[in-house]
Amino acid sequence: MTTHDPRLRAPRWTAASPGANHRLRLRACVALCLPLAIFYFGWLLDPSRVGNPLLYAILVAAELFNLLQAIGFWWTCAGERAWHRRRAEGPPPEVDVLVPVYDEPIDVVEPTIAAARALRGARVRVWLLDDGGSEEMRAMARRNGAGYVRRRRRAGAKAGNINHALARTSAPYVAVLDCDHVPLPGFLEATLAHFEDPSVAFVQTPQCYANAGHGDIAAAAWSQQALFFGAIARGKDGHEAMFCCGTNVVFSRAALEEAGGFPEDSLTEDFELSLRLHAQGWRSVYVPEVLALGLGPEDMASYVSQQHRWARGCLAALPAVLRAPLPLRTRAQYLLSCSYFLTGWTVLAYMAFPVIRILTGAQPLAAAAADQFLLHFAPYFGIALGMVALMGSGAYTFRAFALQSASFWIHVHASVLTLLRRPGSFKVTPKRGTDAPQPRAALPALAAAAVLATVVVLGLARGSDPSTLNNVAFAIVHLTILGFGVAPALRPARPLAAAERRARERARAAPAQWAA
Amino acid sequence: MSATPTIATRPVRQRQRQPVPAPARPLRALAGEQITVAAGQLGAGVGNLAFSLVTARLLMPGAFAHLASFLALYLLVHVPAASLSAGSALTPALARSARRRVLRAGGIAGALVALGCVPLSGVLHLPVAMLLLLAAAAPTAGLIALDRGCLYGLGATGRAAASLGVEPLVRLTAGVALGALLGPTGAAAGVVLAGWAALAVARTPHRGDERTRFEAPLVQAGAGAGATILAFLGLAIVQNQDVVAAGALLGPREAGRFAVLSTLGGLAAFATTTVPLMLLPRAAAGERRALPVAVALAGALGLGAVAAVAIAPGALIGAAFGARYDGVAGVAAPYVLAMALLGVTRVLVAHACATGAGRRAVAMLAGAALLQFALLLALGHDAAGVAHATLIATCALAVTAGGAAVLDLPPARAALLLRTRAAAAALWTPAGAAVAAMTVGGLVLRVLATRGLWLDEATEVSQARMPYGAMLHQLETTDVHPPLHHTVLWLAIRMFGDGELAVRLPSLIAGALLIPVLFRVGSELYDRRAGVAAAALAAVAPFPVWYSEEARMYAFFMLFAAVAVWMQVRAVRRGRPLDWAGYALASAALVWNQYFAALLVLTQQAAFAWVALRPGLAAPERRRLLHGWLASAALIALLVAPLVPFALHQFTANEAAGKGFQSVPSQAGASASQQAGLQRPSVYGALTNAVWAVAGYHSDATMTRIAALWPLGILGALSLLGRRRSRTTLLLVATALLPMAALFVLGQKQPFIFEVRYFCAAVPAALLLLARLATSWPRSGAAATAVVAALVGVMGVAEADQQLNQSNPRTYDFRGALGAIRARARPGDVVVYTPQYLDTVVAYYGRGLNAHPVDGGLPPRHGHGRVFLMASFQDKPPYRLQAHQALVSLRREGRRLIARLHRPEIQIWELSR
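## Section: the overall build of chain A
Right, so step 1: Secondary structure assignment for chain A yields 19 helices and nine strands.
Right, so step 2: Taking all 516 residues of chain A together, 58% fall into the buried category.
Right, so step 3: When contacts within chain A are restricted to residue pairs at least 6 apart in sequence, long-range pairs at least 24 apart make up 83% of them.
Right, so step 4: Accessible surface computed for chain A: about 20700 Å², of which carbon and sulfur atoms make up 61%.

## A look at the overall build of chain B
Right, so step 1: Helix and strand content of chain B: 43 helices and five strands.
Right, so step 2: Out of the 913 residues in chain B, the part that is buried amounts to 53%.
Right, so step 3: As displayed, chain B offers around 37300 Å² of accessible surface, 70% of which is attributable to carbon and sulfur atoms.

## A few points about helix α37 (residues 711-719) of chain B
Side chains three or four residues apart in an α-helix point the same way, a direct result of the helix having 3.6 residues per turn.
Right, so step 1: For α37 of chain B, every residue scored as buried is listed here: P711, I714, L715, L718 and S719 of chain B. Down the axis, α37 of chain B shows its buried residues gathered within 135° of arc, on one side only.

## Some details on the nonpolar core
Right, so step 1: Counting residues in hydrophobic clusters, the biggest one holds 112 residues, and the most contacted among them are W74 and M300 of chain A.
Right, so step 2: Once residues lying within four places of it in the same chain are set aside, the contact partners of W74 of chain A are V30, C33, L34, Y380, A384 and M387 of chain A.
Right, so step 3: In terms of nonpolar packing, the next biggest core, distinct from the first, is built from 100 residues, V565, A588, V601 and L643 of chain B among them.

## Comments concerning the packing of helix α13 (residues 225-249) of chain B against helix α19 (residues 358-379) of chain B
All names here are of chain B.
Right, so step 1: At their nearest, the axes of α13 and α19 sit 8 Å apart, and the two run at 5° to each other. The angle between the axes of α13 and α19 places the two elements in the roughly parallel class. On the side of α13, the interface is formed by A227, L230, A231, G234, L235, I237, V238, Q241, D242, A245 and L249, while α19 contributes G358, R359, V362, L365, A369, Q372, F373, L376 and L377.
Right, so step 2: Among the residues making up the contact of α13 with α19, the classes are represented as 14 nonpolar, four polar and two charged.

## What to know about the sheet that holds strand β3 (residues 867-872) of chain B
All names here are of chain B.
Right, so step 1: The five strands are arranged β2-β1-β3-β5-β4 in an open sheet whose pairing can be described as mixed. Each edge of the open sheet is held by one strand with a lone partner, namely β2 (851-853) and β4 (896-903). Ignoring strand direction, the axes of neighbouring strands in this sheet form an average angle of 20°.
Right, so step 2: Sheet topology places β4 next to strand β5 (residues 906-912); seven bridges connect them, and they run antiparallel. Bridge pairing in β5 places R900 opposite W909.

## What to know about the pattern of salt bridges
Right, so step 1: Within the structure shown, the criterion is met by 40 salt bridges over all chains.
Right, so step 2: Among the ionic pairs, K158 of chain A bridges to D178 of chain A, the shortest N-O distance being 2.8 Å. Placement of the pair is K158 of chain A in helix α5 (residues 157-166) and D178 of chain A in the loop between β4 (173-176) and β5 (182-183), with a sequence separation of 20 residues.
Right, so step 3: A salt bridge links R552 of chain B to D456 of chain B; its shortest N-O distance comes to 3.9 Å. You can see R552 of chain B sitting in the loop between α28 (542-548) and α29 (554-573) and its partner D456 of chain B sitting in helix α23 (residues 455-464), a full 96 residues away along the chain.
Right, so step 4: Classification of R552 of chain B as buried rests on a relative accessible area of 5%.

## With respect to unusual backbone geometry
Right, so step 1: The step from T834 of chain B to P835 of chain B runs through a cis peptide bond, and the omega angle for that step is 0°.
Right, so step 2: Secondary-structure assignment places P835 of chain B in the loop between β1 (830-834) and α42 (839-845).

## What to know about the interface of chain A and chain B
Right, so step 1: Chain A puts 43 residues into the contact, and the matching count from chain B is 35 residues.
Right, so step 2: Approximately 3500 Å² of surface area, both sides summed, lies buried where chain A meets chain B, with 69% of it carried by carbon and sulfur atoms.
Right, so step 3: On inspection of chain A and its partner chain B, the count reaches zero salt bridges.
Right, so step 4: Summed over the shared surface of chain A and chain B, the result is four residue pairs in polar contact (both at pLDDT 80 or more).
Right, so step 5: Those elements that place two or more of their residues in the side of chain A that touches chain B are α14 (370-391), α15 (398-406), α18 (466-490) and α19 (498-509) of chain A.
Right, so step 6: Among the elements that line the side of chain A that touches chain B, the one with the most residues is α14 of chain A, at eleven residues.
Right, so step 7: When the residues that make up the side of chain A that touches chain B are grouped by side-chain class, the tally is 27 nonpolar, eight polar and eight charged.

## Examining the packing of helix α9 (residues 157-182) of chain B against helix α10 (residues 184-201) of chain B
Residues and elements named next belong to chain B.
Right, so step 1: Packing of α9 against α10 brings their axes to within 7 Å, and their N-to-C directions diverge by 160°. In terms of orientation, α9 and α10 fall into the roughly antiparallel class. Where α9 crosses over α10, the two elements pack in a sense that is right-handed.

## Digging into the packing of aromatic side chains
How two aromatic rings sit relative to each other is set out by the distance from centre to centre and by the angle between their planes.
Right, so step 1: Summed over the entire model, instances satisfying the criterion amount to 46 aromatic pairs over all chains.
Right, so step 2: Aromatic side chains F251 of chain A and F262 of chain A sit 5.4 Å apart centroid to centroid with 80° between the ring planes, which places their arrangement in the edge-to-face category. Residue F251 of chain A is found in strand β7 (residues 249-252), and its partner F262 of chain A is found in the loop between α8 (253-259) and α9 (269-279); the two are separated by eleven residues along the sequence.
Right, so step 3: F262 of chain A sits in the buried class, given a relative accessible area of 3%.
Right, so step 4: Arranged with centres 5.2 Å apart and planes meeting at 10°, the rings of F373 of chain A and F377 of chain A form a pair that is stacked. Taken together, the positions of F373 of chain A and F377 of chain A, both in helix α14 and four residues apart, correspond to about one turn of that helix.
Right, so step 5: Given a relative accessible area of 12%, F377 of chain A falls into the buried group.
Right, so step 6: Here the aromatic cluster, defined as three or more aromatic residues joined through ring pairs, consists of Y40, F41, W43, F373, F377, Y380, F381 and F474 of chain A together with W710 of chain B.
Right, so step 7: In this structure, R727 of chain B is placed above the aromatic ring of W610 of chain B, and the distance from its NZ or CZ to the ring centre is 5.5 Å.
Right, so step 8: Residue placement shows R810 of chain B over the ring face of W692 of chain B; its charged tip is 4.7 Å from the ring centre.

## Considerations on the pairing of β7 of chain A
All names here are of chain A.
Right, so step 1: Burial of β7 is two-sided: the residues V249 and F251 facing one way and the residues V250 and S252 facing the other way are all buried.
Right, so step 2: Sheet analysis places β4 next to β7, joined by four bridges and oriented antiparallel. Within the sheet, the bridge partner assigned to V174 lies in β7 and is F251.
Right, so step 3: As defined by bridge partners, strand β6 (residues 200-204) adjoins β7 across three bridges and the pair is classed as antiparallel. Looking at β7, one finds that V203 is bridged to V250.

## Looking at the confidence of the model for chain A
Right, so step 1: In the predicted model, chain A carries a mean pLDDT of 88, and the fraction of residues at 70 or more is 92%.
Right, so step 2: Below a pLDDT of 50 lies the segment residues 501-516 of chain A, which in the model reaches 40 contacts outside its immediate sequence neighbourhood of four places, other chains included.

## Quick look at the state of the cysteines
Residue and element names in this part refer to chain A.
Right, so step 1: Applying the stated criterion across every chain, the model contains zero disulfides over all chains.
Right, so step 2: The cysteine C314 is free of any disulfide, with C338 supplying the nearest cysteine sulfur at 5.4 Å.
Right, so step 3: Given the relative accessible area of 7%, C314 is considered buried.

## With respect to a nonpolar patch on the surface
Residues and elements named next belong to chain A.
Right, so step 1: Taken together, the side chains of W345, L348, V416, L419 and L420 make up a nonpolar region of the molecular surface, amounting to roughly 490 Å² of accessible area.
Right, so step 2: Secondary structure elements with two or more residues in the nonpolar patch: α13 (343-360) and α16 (408-419).
Right, so step 3: Structurally, the position occupied by L348 is in helix α13.
Right, so step 4: Residue L348 is classed as partly exposed on the basis of its relative accessible area, which comes to 33%.

## Points about the sheet that holds strand β1 (residues 94-101) of chain A
All names here are of chain A.
Right, so step 1: Judged by pairing direction, the sheet is mixed, and its seven strands sit side by side in the order β3-β2-β1-β4-β7-β6-β8 without closing on themselves. Unpaired on one side and paired on the other, β3 (147-150) and β8 (283-286) mark the two borders of the sheet. In this sheet, adjacent strand axes meet at a mean angle of 20° when their direction is disregarded.
Right, so step 2: Sheet strands touched by helix α3 (residues 106-117): β1 and β2 (123-130). Its angle to β2, the strand with the most contacts, is close to 160°.
Right, so step 3: Its contacts with the sheet put α9 on β6, β7 and β8, and the angle it makes with β6 is roughly 145°.

## Things to note about the environment of A57 of chain A
Right, so step 1: Inspection of the secondary structure puts A57 of chain A in helix α2 (residues 53-78).
Right, so step 2: On a C-alpha basis, the gap between A57 of chain A and P364 of chain A in space is 7.8 Å, while along the polypeptide they are 307 residues apart.

## Side note on the confidence of the model for chain B
Residues and elements named next belong to chain B.
Right, so step 1: Scored by pLDDT, chain B comes out at a mean of 83, with 89% of its residues at no less than 70.
Right, so step 2: The low-confidence segment residues 1-19, where pLDDT is below 50, has 22 contacts with residues more than four positions distant or belonging to other chains.
Right, so step 3: Long-range and interchain partners of residues 660-670, a stretch whose pLDDT sits below 50, account for 37 contacts in this model, where long-range means more than four residues apart.
Right, so step 4: For this predicted complex, the interface score ipTM comes out at 0.88, while the overall pTM is 0.68.

Definitions and limits used
- Residues numbered from 1 in each chain as written.
- Chains lettered and ligands numbered in written order.
- Predicted model: local features only at pLDDT ≥ 70, side-chain atom pairs only at ≥ 80, totals over all residues.
- Heavy atoms only, no water.
- Helix = DSSP H or I, 4+ residues; strand = E, 2+ residues; numbered from the N terminus.
- Buried < 20%, exposed > 50% of the residue type's maximum accessible area, 1.4 Å probe, protein only.
- Contact = heavy atoms within 4.5 Å.
- Areas by Shrake-Rupley, 256 points an atom, 1.4 Å probe, with all protein chains shown as cover.
- Arc of directions from axis to C-beta.
- Core = buried A, V, L, I, M, F, W, Y, C linked by side-chain atoms within 4.5 Å.
- Axes fitted to C-alpha atoms, helices over the stretch in contact; angles between N-to-C directions.
- Parallel < 35°, antiparallel > 145°, perpendicular 65-115°, else oblique.
- Nonpolar A, V, L, I, M, F, W, Y, C, P; charged D, E, K, R; others polar.
- Pairing = 2+ DSSP bridges.
- Salt bridge = Lys/Arg side-chain N within 4 Å of Asp/Glu carboxyl O.
- Buried area = accessible area lost by both parts, 1.4 Å probe.
- Polar contact = N/O pair within 3.5 Å; in protein donor to acceptor, adjacent residues only side chain to side chain.
- Left-handed = near helix turned anticlockwise from the far one by under 90°.
- Phe/Tyr/Trp six-rings, centres within 6.5 Å; stacked < 30°, edge-to-face > 60°.
- Lys NZ or Arg CZ within 6 Å of the ring centre and 35° of its normal.
- pLDDT = per-residue confidence, 0-100.
- Disulfide = S-S within 2.5 Å.
- Patch = residues over 30% accessible without salt bridge, like charges linked within 9 Å, V, L, I, M, F, W, Y side chains within 5 Å.

Have a look at this one:
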C-alpha cells in the first residue's frame, strides 16, 4: 500500500445538493429558460430564415436535438429532491463485496480489498474475482483475508465474472466495487438502510476520481463525472430513474436473481441491468455522498476507450429502452441518457457550417440579419450555459466541455457501428495513464482541427466582409475548443500545478465568497 | 531668564529651535486679534480707495494723474520699508533700538529727494512741491513700519487698527479738503499728513509697556529678526518683480494690461498683509493655534479676493479700468490667486521665521524669486505670460512653504514621515514603480494624443466662460447635464485660461488618476498582479485616453465609478466609517457629474441589498452591513437632494422648449450602432458600444467587422465554465452590464440615450475584469505577463488607430477646418456654416473671422469677398440638404467654386466671384 495513493485521502468533493435555495434558483432558471428557448426557436423556424434548404434542415435538426437534450437536462435537474441520510436498524446484514479484476496492478487493487475488509455496518465477505488468473492476486487476497474466485472460462467479461461469483455466494446484499475504487468505512452504513424498502433493487453512490489532479484528461474526465454524479444523478433519483454505474453500488440479491444477473452480451452491462430491473418494477436509489474514491482515465487513449464503450453500450440499448415496459418518466430518462451519445453529430454539423460557407458560400440561414440571429440566440445560449454552470456548482469546466466536444467523432463512430450492428468488445479502462503523447487517439479531432484552421486562413485571405469574418469567427471558436480538447493528447501527461489543483478544489468545495 | 544662555549656545538644528510652548489661548481670542487688525487693514484699503475715487472726481484728469503718480511713489517708498514691521513684530525692542537708524535713513532719503526735486520733477513730470512732500513723507515710512510691527508684537491690536484706520481718515478729510483748495499738491499734502498721523497713533510704547504678553519668547526670537526682515524683503520681491519685469519686457500696451492685473492682485496681497505680522510674535511664543488661525484667515481673505474677481472678471475690469483691458479678464482670477497664495505663503514664512527657521525661509524665497525671474524671462511675452510665471512661482513657493510648515509640526511630522516612508516604500516596490511609470506614461500619452475641441466641448467652454450664476442659469434652462463638471471647468478657465490644454486639464488629471486608482482597486479586489495589469490597460486603453482629452465630464465619470466600486467593496469587507463615507461621496459625485450615473448608483444599492439581506448571514454582520448601508444611502440622498430642484427645473425647461432631454448632440458613428433602417439601437449597436468602451472609436467599417466577430464571445462565455463565482467579480459585471442594459432598453424608446458615454462607468469595470482574466487564467506568471502584454499591445494598436485614423467618426476636426479657413481668408471674406449649433466651436476657433450660420442668411449678392461654406454633420439629411441649398444659392449668385477642403467630418467649399 502506498502512502501517496490519492484514493486514501479524504474526499474533497460533495455530491450533495447545495440546498433548498439551490433548488429554488434552479427552478427559477428553468422557468426562464423555456420562454427564451421559444423566443429563439420561434425566430429560427420562421420559413423566411431558410437559406440552403439542406443546411437549414441540418441546422434545425441539430438545434432541435440539442433543445431536447437541454430540456431533458433542465427537467432532470429540476427533479432533485431533498435528501436525508438514513441509518439502518436491526442486526447487521450479510453482504458479499465483489471486486472484479482483470490484470490490474496489485498496488491498485490491494487498497480496495483492504478497505472493503474494513467496511462497517454489515457482516462483510470480500471476494476478489480474478479474471486475470494471477497468483500474486491470489496471495494478496489471502493476505487481506478476502475470498478469491477464478473462472476457468472468461465469458461475458465483467458481467460474466460477477455472475460467476454470484452463483458461489449467498449474502442477501451484493456490493460491486471496481478494483480501483477504494470504499470509505461507512459505505455500507450509508447504503444498506435504503433496503428497508423491499422494492429497492440497488443503491448507487457517486464515483469520485481521486486522480483528478493527475493531468488534464483526468481533470476534464472528472469534471464531466462531477456534473453527472452531482446534479444529473440527483435529478434522476428524483425521477426514480437512476441507473447503475457499475461500481460503488449495492444490490439486493433478490433483485439480481430476478433479473437473471448482469447481462453478459452488453458493453454497458450496468445500464442494461438497471433497465431490466426498472422494467420489472424495482426501484433504485442514489445516495449523493462520496463513499468511495477511484481512478479515472489519465490519458487520451483511456478516455477514448471508456467513452467509446459507453457510447456503444448506451446506443445499443436504445431499442431495449423503447421496448421495455417502463413508466413514461423513466423511459424518457433512459432515452435522454442513451441519446446523449448522439450529440457528436450536432458538433460535427456546427463545425461544418462555417467550413461550407467559406468554401462554397452556402449557409443554412438566409435573409437574416446577423444581429437578429444574435438577438435571439444569445439569451438562449447564455441561460443554457448559465444553467450548466449552476447545476455543476462550478465543477464543470471549459476543459471538460472542450474534451467532450473533441470527442464528437467517438459518438459518430459508435453510432455508425451500432447502426451497422457491428459487435463491440469490452475493454477495461486502463488505471494508469501513459506519459507519451497519443495523437492517434485523437486523430479524427485533429483532422477536423486542420480543416477548420485551413478555412480560417482561406476565409481571411478571401476577404474581410462582415459575413465572412462572422464565419471565420465561428471556425475559430470551434478550432479553439477542439484545440483545448485534443491538446492533452499531443503533450506528455503532467500533473496539474499545485496552485491550479488547489484552486480547482477550492472552487468545488467552497461556497461563493465576497473575495477574489 | 534661563532662556538667554540657551540662545547663545543654540545649535542650528531645527529640532532644538522649537520655542517653549506658551499656555494655549482660546481660538476665539487668537482669531479676534487677527480679525480686528485685518479689518483695520481692509478699512484702510477701502478708505484709500475711496480717497482715490473722490479725488478722481474732484480733480481734473491731469491733476489726478499727478496725484496718482505721487501715490505710486509714496507706495514705492513704503513697500520695502514694510519688511521692518516683521522684524519689530518679532522683536518689539527692535522698534526702539532701530528707531534712530531708521529715522536717519528716512531723513537722508528725504533729503536726497528734496535736493533732487528739480531734476526729478522733470523726469517724473511731477510738480516740485509734490516731490518735496514726498521727501517730507520719507522718514515716516520706516518709522510707521517699525511702530506698527511693535504693536502687532505686543498684541496692541486696538492701537494697530487705529493706526491703520487713521490714515485713510485723514486722507479723506484733510486730504480731500486740501485737494479741493490746492489741487493735487494739497491732496498729496493730505496723504503725507495722514502718514504722520498714523505714525503718531502707532507711537511705540515706553519700555515698561513692552513687557506685556510675549516677554520671554521675544527675547528668544530676537536673534532671528534679521532673517525675518530678509525673508519679508524676499516676499516683497516675489510680489513686485513681475511689475518691474512687465515694464522692462513688454511694450507699453501689454505693460498697461499687466498693470491692471497687478492692481487686482494687489487686492489679495494687501488684504492679507497684517496677518503674518500678527502671527510672528504668537508663533514665537509657541502658540500652536496661531498658525492655523492665520492660515485660515489669509486663505479666506485670499479666496474672497479670488471669488470677487472670478465671478465676473470682464465686467469688473471693464467697469474699473475700461473696456480696452477686457483682454486680460481671462487671467485676472489666476493672478489674484497667485497673490492669494503669496498671502498664505507670507503667513508660513512668518511662522518659519518665528520658530527659528528664518534662514531656511530666506533660502526658499531666494529660490522662488530666481524661479520667478527665470519664468518671467521664458514666458513673459505678454501680460498673460507674466501672470502665469508669477502663478507658477507662487504655487511652487506655497507648496514648498506648506510642506516645510507641516514637517515642522512635531506630531504631524512624525505621522507624515511614517506615511511618507510607507508611501515611498510602496513606490519603490517593483509594482509601485511600475504603476508610477505607467501613470506618468499615461499622462504623457493623454497630453500628446490631442485633438481639437469638438462641439460639446466648445459648448461647455462657452458656458463656463460666463459668470457663474449665468452659467448655472444657462445649464438649468438649456442643457441636460448636472453642474459639477461645468463648475470645475469654470474654475479651471479662471485659473488657467481657456486654451485647449487648460480646459482639458481637469479631464487629463482625472484620466491620469484613473491609472493608480485602478491599480489600487485591482490590488484590493483581486491581487497585486491584477492591479498592475489593470493600471497598464488603463494607461493605454483608447476609451479612457479619448475622454481624458475631452473637456467633458466623462473622465470624471470613470474615475468616480472606479472609486465608488472600490469603496463599496471596502465597505462590505471592512466597513470602516471612512469606507462608507467614501462610497457615499463617490456616488453623490457621480450623480452631480452625470445624471445617468444614477443607474450605477442603483446597481450598487441593489448589490448592497443582495449582500446584506442574503440568507445565512450572521446577525452581527447583517446588522453592520445594514447600518452602514442605510447611513451611506441617507448621506447620498442628503448630498444629492440639492441637485433635485435643479434637475427638475432643467427637465421642465427642456420640456417647455419641446426637447425633453433630447437635446444631446447627435450620435456620431450611428451607422455602426443603430439598426439598419431604424433609428434605435440594435444588438450590433450594443456590441459596437461595448467594443468602443474597451477598444475605442474606429471607423464604421472597422466596427462592423469587429462586431461580426461576436462568435468569439461564445468562446469567452464558455471559458467562464468552472470558474469560481466571486461576488467581487459579479459586482463588477453588474456595474458594467446593468446600466448598459437599462440604457439599451430605454434606447428602444429614446435612441439617443443608448450611447457609450452614458454608461462609461462600465469601462473601469471592464478593464478590471480583463486584468483579472489575463492574470488568473494563464497557469504561470510568465504566461500571465505575456497575455497582459498582448492585451496592452492590442490596446496600443487600437489607440493608434483611434487617434490617427481620420475615418474615426468621432473625430471632428473643427480646429483644422477653421485653421484652414483662417489661413486662406482675407479681409472682407465671409464664413457661413451649417448646422447652426456650430456657433460655439466657430466662436472658439474662428475668432476674428466674419462668420455666421447659414440660417442667418447668405452674404450679400453683390459682395466681393470670398465665401467659405463650412458644413458638418453631413450624415444628417436636413444639414446635408441645407448645405446643398446654400451651395446652389451661392453659385446662382455668380460665385464659382475655387477650392474644396475636407477635414474629418467637415467639408469646406471656397467660392469666389
